[in-house]
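Understanding the architecture of this molecule
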Amino acid sequence: MATPGHSAPRLPVSANWLPTHCSFNVAELRGTSSHSTLARRNATMNAPVPHPVTEAVLADSAGIRNSSPINFSLPPTLSLPRVSFIVPTLNEAKNLPHLLPRIPAWAHEVIIIDGRSTDDTVTVARSLRSDVKIVMEPRRGKGAALQAGFRAATGDIIVMLDADGSMDPDEAILFVGGLMAGADMVKGSRFLQGAGTDDMSLIRMLGNWGLTTTVRLLYGCAFSDLCYGYMAFWTRHVETLKCDCDGFEIETLINVRALKNRLKIVEVASFEAPRISGLSNLRALPDGWRVLKTILRERLLAQVSPVGYGVP
């Protein structure tokens, strides 16, 4: 401590005793620094200290930024399989104008199987689509017509579509999408979320519920709808299903034989609109009885197809 009249002793200042990380110079410590020197000191104190790892990372990043863009090719665009639309007809000349123009443009072919109509069904079909394929089936019945359509189909996928305008062709992409995702067969259901029907009487609805429940119990499946003909499957499974009935029960036959052969079955929501014109050929009680006999016969008597697991 300095005493009055004496100045405090001044220690010699040498740069040798300063820590190596300190950036002050001797002139600044002696109080002789100028404004420029002080500015340099502040800049030096605030400057980041280089780190070898950080500099290496920054160097790599700079190399990536300066390099040429990475070249890679996208996979080819996914294309749809060839889809054959099979439409059984019997005196449907007034309904076809509401159906055929709505079939998607990506359809591979449209096959009309006519059961000897007495109206202008065939003429109207050809006037609506120049590329339509007409197959004349001498036997009566929806099952006979569909069998003829299966034989005539040349596509990879078969889509079954009614001619009365109750089924929406725009929904077909849902069926095709399910098949492309790995299913063997996709069937429409009027009783899933987003589905519905405006074309079922109370008697038909109760009958469909009873038949669907019977199939669920006997075959151990989880179907929500049985007697609905909007369905699609890979053409290679025609030999697996081996359809051999002529009436409306063919839809049930396809379903239960697909179950017996352990095909992968998917249900999609579908809306059934009212028939546009004419009367339905479906008879609730006689056709319902034929459906029930088909369910019992296939469960109790018929053997599983030798074409196992859907592989021809």
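Nothing here was measured: the structure is a model prediction, and the numbers come from that model.

This paragraph deals with unusual backbone geometry. Glycine aside, negative phi is the norm for most residues, and most peptide bonds take the trans geometry. For R116, which is not glycine, the phi torsion reads 65° and is therefore positive. Assignment of secondary structure puts R116 in the loop between β2 (109-114) and α5 (121-128).

With that settled, consider the packing of aromatic side chains. What the rule picks out here adds up to 3 aromatic pairs. Residues F175 and Y230 carry aromatic rings whose centres are separated by 4.4 Å and whose planes lie at 20° to one another, so their mutual orientation is stacked. With F175 in helix α7 (residues 172-180) and Y230 in the loop between α8 (202-219) and β7 (231-234), this pair connects stretches of sequence that are 55 residues apart. Positioned above the aromatic ring of F223 is the side chain of K187, whose terminal nitrogen or guanidinium carbon lies 4.6 Å from the ring centre.

On to the environment of V135, then. By secondary structure assignment, the location of V135 is in strand β3 (residues 133-136). Relative accessible area serves as the criterion here: at 18%, V135 is assigned to the buried category. Considering only alpha carbons, one finds V135 and G149, 14 residues apart in sequence, at a separation of 7.5 Å. Excluding residues within four positions of it along the chain, V135 makes contact with I111, I112, I113, D114, A148 and A152.

With that settled, consider the confidence of the model for the chain. Summarising the model, the chain shows a mean pLDDT of 82, and 72% of its residues fall at 70 or more. Below a pLDDT of 50 lies the segment residues 11-34, which in the model reaches 15 contacts outside its immediate sequence neighbourhood of four places, other chains included. Taken together, the stretch residues 306-312 has pLDDT below 50 and engages in 12 contacts with residues farther than four places along the chain or on a different chain.

What counts, and where the lines are drawn
Residues numbered from 1 in each chain as written. Predicted model: local features only at pLDDT ≥ 70, side-chain atom pairs only at ≥ 80, totals over all residues. Heavy atoms only, no water. Helix = DSSP H or I, 4+ residues; strand = E, 2+ residues; numbered from the N terminus. Phe/Tyr/Trp six-rings, centres within 6.5 Å; stacked < 30°, edge-to-face > 60°. Lys NZ or Arg CZ within 6 Å of the ring centre and 35° of its normal. Buried < 20%, exposed > 50% of the residue type's maximum accessible area, 1.4 Å probe, protein only. Contact = heavy atoms within 4.5 Å. pLDDT = per-residue confidence, 0-100.

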